[in-house]
Amino acid sequence: MKLIVNGESKELPDNLTIKQLIDYLGIKAPNYAVAVGMEVIPKSEYESYRLKDGDKVEIVTFVGGG
């Protein structure tokens, strides 16, 4: 399936969950948020939320500093 991830078109396996996408992309940041379309997805749904062909996914990581 084709997804737009952070503005970049990616060809990925069908039927991925958000958790599987994070693992597939190798994101290791301890704190991140995911939005699909304009909807922020609760972290509690990352293992069950199935992405669909054409979804626009934004993944934002948080960095502390001062």
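Described in the following lines is the structure provided in the data block. (Residues numbered from 1 in each chain as written. Predicted model: local features only at pLDDT ≥ 70, side-chain atom pairs only at ≥ 80, totals over all residues. Heavy atoms only, no water.)

Turning next to the overall build of the protein chain. Regarding its fold elements, the protein chain presents one helix and five strands. The helix and strand sequence of the protein chain, counted from the amino end, reads β-β-α-β-β-β. On C-alpha atoms alone, the protein chain measures out to a radius of gyration of 12 Å, which is about the 11 Å that the 2.2 N^0.38 rule sets for 66 residues. C-alpha extents for the protein chain along the principal axes are approximately 40 × 25 × 25 Å. Going through the 66 residues of the protein chain one by one, you find that 30% of them count as buried. In the protein chain, the proportion of contacts linking residues at least 24 apart, taken out of those at least 6 apart, comes to 55%. (Helix = DSSP H or I, 4+ residues; strand = E, 2+ residues; numbered from the N terminus. Rg over C-alpha atoms; globule rule 2.2 N^0.38 Å. Buried < 20%, exposed > 50% of the residue type's maximum accessible area, 1.4 Å probe, protein only. Contact = heavy atoms within 4.5 Å.)

Once that is clear, we can look at the nonpolar core. Judged by nonpolar contacts, the single largest core of 17 residues is most densely connected at Ile18, Leu21, Val34 and Leu51. Counting only elements with at least two residues in this core, the list comes to β1 (2–5), α1 (18–25), β3 (32–36) and β5 (56–61). When residues no more than four places from it in sequence are discounted, the contact partners of Leu51 are Met1, Leu3, Leu16, Thr17, Ile18, Leu21, Val36 and Val57. (Core = buried A, V, L, I, M, F, W, Y, C linked by side-chain atoms within 4.5 Å.)

Scanning the model with the defined rule gives two salt bridges in all. Glu8 serves as the salt-bridge partner of Lys10, at 3.2 Å between the closest nitrogen and oxygen. The class of Lys10 is partly exposed, set by a relative accessible area of 24%. A salt bridge links Lys19 to Asp23; the shortest N-O distance between them is 3.0 Å. Remark: Asp23 and Lys19 occur in helix α1; sequence separation between them is four residues, near one turn of the helix. Judged by its relative accessible area of 31%, Lys19 is partly exposed. The exposure class assigned to Asp23 is partly exposed, which follows from its relative accessible area of 48%. (Salt bridge = Lys/Arg side-chain N within 4 Å of Asp/Glu carboxyl O.)

Right, let's talk about the pairing of β5 for a bit. In this structure, β1 lies alongside β5, joined through two bridges in parallel fashion. Residue pairing for β5: Val5 is matched across the bridge by Val57. (Pairing = 2+ DSSP bridges.)

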